[in-house]
2 protein chains.
Amino acid sequence: MPKNDLLLKALRGEEVDRPPVWMMRQAGRYLPEFIALRDKYDFFTRCQTPEIASEITLQPIRRFPLDAAIIFSDILVVPQAMGLPFEMKPNVGPWLENPVRSAGDVEKIRTGNLNEELQYVFDALDLTKKGLNDEIPLIGFAGSPWTIFCYAIQGQGSKNFDQAKAFAFTNTAAAHDLLQKITDVTIHYLKEKINHGSDVIQIFDSWGGMLSPNDYLEFSYPYIEQIVNALYEQVPVVVFAKGCWFALEEMSRSNASALGVDWTIRPQTARDLTGFKKTLQGNFDPSRLLSPPEKIQEMVKEMIDDFGTYKYIANLGHGILPNVPVENAKAFIEAVVNYKK
Amino acid sequence: MPKNDLLLKALRGEEVDRPPVWMMRQAGRYLPEFIALRDKYDFFTRCQTPEIASEITLQPIRRFPLDAAIIFSDILVVPQAMGLPFEMKPNVGPWLENPVRSAGDVEKIRTGNLNEELQYVFDALDLTKKGLNDEIPLIGFAGSPWTIFCYAIQGQGSKNFDQAKAFAFTNTAAAHDLLQKITDVTIHYLKEKINHGSDVIQIFDSWGGMLSPNDYLEFSYPYIEQIVNALYEQVPVVVFAKGCWFALEEMSRSNASALGVDWTIRPQTARDLTGFKKTLQGNFDPSRLLSPPEKIQEMVKEMIDDFGTYKYIANLGHGILPNVPVENAKAFIEAVVNYKK
């Protein structure tokens, strides 16, 4: 058990004096020490070299009084293991030369236990565990099957993932096959992450919010639910489905311990929709970290007042932006740590 | 008064047998006759040549039993008139060589009545009015001040408009100055659009949904409200704020006649939030027009059942996509026209 168990307490719904705090993408481009490593190693080299991934994970922990670490990795390591060789293309982002475009393509994709291909992630977790010295919990993560599906079909980032949606709506059986394949690989992967010391698992559904509520319940949520059900007896699971406020009520009936929310929902609305059945995590607008530090502190206080300290994890509503000054990130974290009702 | 006054009735909250229907971007790239003109004239030439803009506006009306026309134009003609020379750059989209980046830049921007610069829009309206022969109403439109602000600062489209938001959060006084300047020009522009036969005005807030509810109420909504208040005594105003479900309750207290909603909100939720105080417009997922026509018809029926025929305008939840087959668009429109409870 980590000495600082504030995050675990909040996930279990125990009383705390102040909420735990961590930031999505806290090991990221706003840190000069991260930039130094980025200039030396390309993106997937950083993910695939355990020493580097572990070092990057620990960087923000040395600087800030964070209540959790999250392993540095990428959601696309899963489709890579499945035989979809994603690259990180300069000025483009994630890039797959031959996206999945037919039922035949889906059939060829590997599934099942692909953990051998992902050993570097487990090694990075082992190293990080040692580096953390049981001070704070370590979060492991994966993308939601729908989000991975979006990249696999579209082959790159997109404003609306219209090709991925078109595939789902016209090639529905093949879409469900692919989603199930991703789900199966992800469950094996996350169980092994738990075996290698992940105290908490977070599932990122970055693109579920592109779907209508009905389509979300067909193409995204059932697969997330399978993953949650496979893991929740071992560790607490956090589901962060960006833009999916419309499914919060449904998700509050799941076995997840916590639900992440983005900044477009008022804390009170999120509480109304989930009725304190789940711990909530979020939801500071990442762009608001560009405000002056005093303004950030004031807004953090307001956010915690609104969510309450019970069943709440302070975080951003999405990943921290690269152009945020370090002192602003610090102001955010310290405002939570020093919170008084 | 147009002979087909179904749209106006729905906007006034009068009983109708079936809801009126039109599609955002109905004059668009899914039509072969539009493509033919696009291949001959670049984007802003099409906007700025009244004969072409009017012809494009009328194209979908000749094909489909639509209940409204919407003038072919672009929201960026307003910042162009203000001295920000937006171009349409191939593979990039809207592009401004020198975006607004300081309070000094804001000061230099023209404001007030710039209708002389926009005469080509009014000429296009006059021609279109003649072409429509009073059969159906004509909708005029503008972007919301926040949405125009986003492009003016960012200089191009963006996933999160982080530069625009950073400007608003760090250069707040200059941001409000610019928003007010855009508002003033827009009010003059829309009043003249009404003088040239616009029976209805729609305001597109494409990027309001990037803001938190509090920031929306500071940076976007007050300017929309100014515009609505300047116009609503002359014609009905529709406010379509994509992704702004969180402000629906607030917006239902405005002087707008109708509120547009996107496909991420259930019809029942939208009704609950607005309490039948406003006509609602939307909200078919544009990607769902890629489904087979029979599926589209079934989903349209369900959508109308859910919204009800009272105070409702059938539409998409955003603009039609370029890759939608014409027969699918037709299936959507006909499903509304042939709707039986």
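The structure reproduced in this document is the subject of the present report.

Cut-offs used in this document
- Residues numbered from 1 in each chain as written.
- Chains lettered and ligands numbered in written order.
- Predicted model: local features only at pLDDT ≥ 70, side-chain atom pairs only at ≥ 80, totals over all residues.
- Heavy atoms only, no water.
- Least-squares fit on C-alpha atoms with pLDDT ≥ 70 in both.
- Contact = heavy atoms within 4.5 Å.
- Helix = DSSP H or I, 4+ residues; strand = E, 2+ residues; numbered from the N terminus.
- Expected span 1.5 Å × (residues − 1).
- Buried < 20%, exposed > 50% of the residue type's maximum accessible area, 1.4 Å probe, protein only.
- Buried area = accessible area lost by both parts, 1.4 Å probe.
- Salt bridge = Lys/Arg side-chain N within 4 Å of Asp/Glu carboxyl O.
- Polar contact = N/O pair within 3.5 Å; in protein donor to acceptor, adjacent residues only side chain to side chain.
- Nonpolar A, V, L, I, M, F, W, Y, C, P; charged D, E, K, R; others polar.
- Phe/Tyr/Trp six-rings, centres within 6.5 Å; stacked < 30°, edge-to-face > 60°.
- Lys NZ or Arg CZ within 6 Å of the ring centre and 35° of its normal.
- Pairing = 2+ DSSP bridges.

1. Observations regarding the relation of the copies chain B and chain A
Inference 1: Rotating chain B by 180° about the axis while translating it 0.0 Å along that axis superimposes it on chain A, leaving an RMSD of 0.0 Å. The two molecules are tied by a two-fold rotation axis, judged by turn and shift. The position closest to the rotation axis in chain B is occupied by the C-alpha of Lys159 of chain B, lying 3.3 Å away.
Inference 2: When you check the interface residues of chain B against chain A, 100% turn up at the interface there too, and the contact is symmetric in its surfaces.

2. Quick notes on helix α16 (residues 326-337) of chain B
Residues and elements named next belong to chain B.
Inference 1: In this model α16 runs 17 Å from its N-terminal to its C-terminal C-alpha over 12 residues, within 8% of the 16 Å that 1.5 Å per residue would give.
Inference 2: Listed as buried for α16 are Val326, Asn328, Ala329, Ala331, Phe332, Ile333, Ala335 and Val336.
Inference 3: Each element contacted by the buried residues of α16 is listed here: α2 (32-38), α4 (50-63), β8 (279-284), α15 (293-307) and β9 (312-316).

3. Observations regarding the interface of chain B and chain A
Inference 1: Listed by partner, the interface residues are 30 residues for chain B and 30 residues for chain A.
Inference 2: With both chains or domains summed, chain B and chain A bury close to 2,600 Å², and 53% of this area falls on carbon and sulfur atoms.
Inference 3: Taken as a group, Phe169, Trp245 and Arg266 of chain B account for 23% of the area that chain B buries against chain A, more than any other trio of residues on that side.
Inference 4: Our enumeration of links across chain B and chain A arrives at four salt bridges.
Inference 5: The tally of links from chain B across to chain A stands at eight residue pairs in polar contact (both at pLDDT 80 or more).
Inference 6: Going through the elements one at a time, α9 (162-170) and α11 (213-219) of chain B are the ones with two or more residues in the side of chain B that touches chain A.
Inference 7: Taken together, the residues of the side of chain B that touches chain A sort by class into 14 nonpolar, nine polar and seven charged.

4. Digging into the packing of aromatic side chains
Inference 1: A complete count under the given rule lists 37 aromatic pairs over all chains for this structure.
Inference 2: Seen from their ring centres, Trp146 of chain A and Phe149 of chain A are 5.1 Å apart, and the 20° between their planes marks the pair as stacked. Here the residue Trp146 of chain A and the residue Phe149 of chain A both occupy positions in helix α8 (residues 145-154), the gap between them amounting to three residues, near one helical turn. The residues Trp146 of chain A and Phe149 of chain A share a single accessibility class, namely buried.
Inference 3: A network of ring pairs unites the aromatic residues Tyr216, Tyr221, Trp245 and Phe246 of chain A together with Tyr216, Tyr221, Trp245 and Phe246 of chain B as a single cluster.
Inference 4: Directly above the aromatic system of Trp95 of chain A lies the positively charged group of Lys89 of chain A, at a separation of 3.9 Å from the ring centroid.

5. Considering the pattern of salt bridges
All names here are of chain A.
Inference 1: According to the stated counting rule, one finds 30 salt bridges over all chains in the structure shown.
Inference 2: The partner of Arg38 in a salt bridge is Asp39, and the shortest N-O contact between them spans 3.5 Å.
Inference 3: Two residues, Lys295 and Glu298, come together in a salt bridge whose shortest N-O distance is 3.8 Å. Of this pair, Lys295 and Glu298 both sit in helix α15 (residues 293-307), three residues apart, roughly one helical turn.
Inference 4: In this structure Glu298 comes out as partly exposed when scored by relative accessible area, which is 47%.

6. Side note on the sheet that holds strand β7 (residues 258-260) of chain A
All names here are of chain A.
Inference 1: Pairing in this open sheet of seven strands is parallel, and the strands run β1-β4-β5-β6-β7-β8-β9 from one edge to the other. The sheet terminates laterally at β1 (69-70) and β9 (312-316), the two strands that pair on one side only.
Inference 2: Where strand β6 (residues 237-241) meets β7, three bridges bridge the pair, whose relative direction is parallel. Bridged to Val239 within β7 is Leu259.

7. Remarks on the pairing of β9 of chain B
Side chains on a regular strand alternate between the two faces of the sheet.
Residues and elements named next belong to chain B.
Inference 1: Of all five residues that make up β9, five are buried, and the element is covered over most of its length.
Inference 2: As defined by bridge partners, β8 adjoins β9 across five bridges and the pair is classed as parallel. Note that in β9 the partner of Gln281 across the bridge is Ile313.

Interpretation note: all reported values are geometric properties and have no functional meaning in isolation.
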